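# Observations on chain architecture
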Amino acid sequence: MRELSQSIDERYLSDDHRLLRETVRDFASNEIAPVAGELDRRSEFPWENVKKMADLGFFGVPWPEEYGGVGMDVLAAVITVEELAKVCASHSITVGAQISLAASPIYEFGTDEQKREYMTRLASGEVLGGFGLTEPQAGSDAQGTQTRAVKKGDHWTLNGSKIFITNGGVGEIFVVTAVTGVGSDGSKEISSFIVTKETCDLEKAKAVGVGHADDLDYTPGFSSGKKEDKLGWRASDTRELVFQDSIVPAENMLGEQGEGFKNFMRTLDGGRIGMAAHLLGIAEGALLQTIEYTGERRQFGSRISDFQAIRFELADWWMRIEAGKHMTYHAAVLRQQGKPHNHEAAMAKLFCSELAGWATLKAVQFHGGYGYTTDYPVERMMRDAKIGEIGEGTSEIQRTVISRQLLGPPQSDVDAQVG
Ligand code: COS
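Notes on the structure in this doc start here. For clarity, every value in this text was computed on a predicted model and none was experimentally measured. (Residues numbered from 1 in each chain as written. Predicted model: local features only at pLDDT ≥ 70, side-chain atom pairs only at ≥ 80, totals over all residues. Heavy atoms only, no water.)

## What to know about the layout of surface pockets
The computed volume of the largest pocket comes to approximately 1500 Å³. Those elements giving two or more residues to the lining of the largest pocket turn out to be helix 5 (89–109), strand 1 (129–132), strand 3 (155–166), helix 8 (260–296), helix 12 (378–386), helix 13 (395–407) and helix 14 (413–418). Counting residues per element, the lining of the largest pocket draws most heavily on helix 8, which supplies seven residues. Per-class residue counts for the lining of the largest pocket are 20 nonpolar, 16 polar and 13 charged. In terms of lining residues, the second largest pocket is bounded by 24 residues, among which Trp63, Val74, Ser104, Arg335 and Gln336 are the most central. Mapped by element, the contributors of at least two residues to the lining of the second largest pocket are helix 4 (74–87), helix 5, helix 8 and helix 9 (308–336). Looking at the lining of the second largest pocket, the element that brings in the most residues is helix 5, giving six residues. (1 Å grid on protein atoms, 1.4 Å probe; cavity = no way out; pocket = protein on both sides within 12 Å on 5 of 7 lines; lining within 4 Å. Points joined across faces, edges and corners; volume = space filled by probe spheres on them. Helix = DSSP H or I, 4+ residues; strand = E, 2+ residues; numbered from the N terminus. Nonpolar A, V, L, I, M, F, W, Y, C, P; charged D, E, K, R; others polar.)

## Quick word on the nonpolar core
Grouped together as the largest cluster of nonpolar side chains are 53 residues, with contacts concentrated most on Ile32, Trp47, Met53, Ile106 and Ile173. Contact partners of isoleucine 32, with chain neighbours within four places excluded, come to Phe27, Asn49, Leu84, Val87, Cys88 and His91. By size, the runner-up hydrophobic cluster in this structure holds 32 residues, among which are Ile310, Trp317, Ala363 and Ala385. (Core = buried A, V, L, I, M, F, W, Y, C linked by side-chain atoms within 4.5 Å. Buried < 20%, exposed > 50% of the residue type's maximum accessible area, 1.4 Å probe, protein only. Contact = heavy atoms within 4.5 Å.)

## Overview of the site of the ligand
Contacts to the ligand come from 19 residues, most closely from Ser140, Gln143, Lys262, Arg272 and Arg404. Residue glutamine 143 places a side-chain N or O atom 2.7 Å away from an oxygen atom belonging to the ligand. Asparagine 342 is positioned such that a nitrogen or oxygen atom in its side chain is 3.2 Å from a nitrogen atom of the ligand. Against a free-state accessible area of 1000 Å², the protein chains account for coverage of 65% of the ligand. (Near = heavy atom within 4 Å. Polar contact = N/O pair within 3.5 Å; in protein donor to acceptor, adjacent residues only side chain to side chain. Areas by Shrake-Rupley, 256 points an atom, 1.4 Å probe, with all protein chains shown as cover.)

## Things to note about the packing of aromatic side chains
For the structure on display, the rule yields 14 aromatic pairs. Measuring from centroid to centroid gives 5.0 Å for phenylalanine 45 and tryptophan 47, while their planes differ by 75°, and the two rings are edge-to-face. Pair check on accessibility: phenylalanine 45 and tryptophan 47 agree, each one buried. A centroid spacing of 5.6 Å and a plane angle of 65° characterise the contact between tryptophan 156 and phenylalanine 193, whose relative ring orientation is edge-to-face. A residue pair is termed long-range when its members are at least 10 positions apart, and tryptophan 156 in strand 3 and phenylalanine 193 in strand 5 (residues 188–196) qualify at 37 residues. Each member of the pair, tryptophan 156 together with phenylalanine 193, is buried. An aromatic cluster of at least three residues, connected via ring pairs, comprises Trp63, Tyr67 and Tyr107. Over the aromatic face of tyrosine 12 sits the side chain of arginine 11, whose NZ or CZ is 5.7 Å from the ring centroid. We note arginine 320 situated over the ring of tryptophan 358; from NZ or CZ to the ring centre the distance is 4.0 Å. (Phe/Tyr/Trp six-rings, centres within 6.5 Å; stacked < 30°, edge-to-face > 60°. Lys NZ or Arg CZ within 6 Å of the ring centre and 35° of its normal.)

## Digging into the environment of threonine 145
Mapped onto the secondary structure, threonine 145 falls in the loop between strand 1 and strand 2 (148–152). Counting along the chain gives 34 residues from threonine 145 to valine 179, while the straight-line C-alpha distance between them is 6.9 Å. Residues contacting threonine 145, with those up to four places away along its chain left out, are Glu135, Ala138, Lys162, Thr177, Val179, Lys188 and Ile190. A polar atom in the side chain of threonine 145 sits 2.4 Å from the side chain of glutamate 135.

## Some remarks on the side chain of aspartate 237
Within the element layout of this structure, aspartate 237 appears in the loop between strand 6 (222–227) and strand 7 (238–249). We classify aspartate 237 as buried; its relative accessible area is 2%. Here the side chain of aspartate 237 touches glycine 169 through a polar contact of 2.5 Å, landing on its backbone nitrogen.

## Quick notes on helix 8
Given a rise of 1.5 Å per residue, 37 residues ought to cover 54 Å, and the 53 Å separating the end C-alpha atoms of helix 8 matches this to within 8%. With 29 of 37 residues buried, helix 8 is to be regarded as a mostly interior element. (Expected span 1.5 Å × (residues − 1).)

## A short note on the side chain of asparagine 167
Assignment of secondary structure puts asparagine 167 in the loop between strand 3 and strand 4 (173–182). Taking relative accessible area as the criterion, asparagine 167 reaches 0% and is therefore assigned buried. A distance of 3.4 Å separates a polar side-chain atom of asparagine 167 from the backbone oxygen of threonine 94. Apart from the residues within four sequence positions on either side, asparagine 167 is in contact with Phe45, Thr94, Ala97, Gln98, Leu128, Gly129, Phe174 and Asp237.

Following this line, the structure appears as structure tokens:
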């Protein structure tokens, strides 16, 4: 595959990063590209490739070796997610959600015991996991959570549900929020917990040799619901999580009681960098497909890439990719250095989601009638890109985060409704 942004790479990437990128790229073109279209059509989870990705260490790229990881950094995770997304968004989000949403909060807020018990399994790819924040009544308003946890002796009893959870069915380890009480000012006290269940696809997981741990203590009363039938990300697993008098041991509280919302917001700051990388990868993948196609397709006696209408659009496309890459890599470096990165992550995610949407529409357009068929991957990329403006915070929420950093909180009640 052609290198698009060599000078940016030189600025940010080490030799180890480049080596990792080659490994992920080879895997994506040899093992993912041949099956991505069919998995998408059948909406089938890529169990075989999950096993191979676990063996290659993709799920543990940024985590220390003592917790089952590869010992690299946030930028390495970004590169992994980006490279996978160039070829298949479903594979990319399966890995990305595991790293930045499931394992990350356990790494950041967990006790050493929790890290050993749960993170090690996620980082090694032994099992899959996810992040449960969204609920039917708590989407953008993430504090609207209605899942409740009541303390009874040495455990908490959880009731409620989470929706649109990546890896929700296939996964076994989840971090979730629940209301644990009322704060002194009358606000909800939200805490987070680590919960476990058996994968919904036990037979397949056992056959492939990944995705199930016999020795995990599963949380009674915790299960996954129906699989969503989605526009894109069709080979990734998205489901509801259901808690019915679910018994969670007190030691499975993640972080301090009452800190769950803030901790999940910190996690999302990292998740948004991962999403930016994912969307950047989709935009890059679509550009590479389009360069190839427009370089071969002939009309009016010449290659269509010789027409200025196309050349100028491809020039803009590359420019926007370079801008998105600067923003995403910059945010990743800030997070790695432990520096504030709230609006930088929101900006990178917002920019790259709009880029991926625009770029994949162009890709279909420049492929003409063929782009509208499943003979080329660009229609899949177009469908996959749309979630970027919705998931891990809508574009409206990113603008809320960015404008709050720029202007402070809105002053009037009317503004508060929208800002
Ligand atoms: N890091 C650390 N703390 C944060 C934070 C962050 N990124 N964002 C907010 N907080 C803290 C605030 O500082 C505040 O703390 P205090 O009570 O001590 O002042 C607290 O959390 C509440 O913050 P705020 O008042 O800003 O909360 P809001 O209810 O207004 O919500 C938004 C803020 C809208 C930004 C938040 O609900 C959000 O991101 N929603 C989208 C959720 C989302 O992305 N869902 C995607 C699905 S999960 S893949």
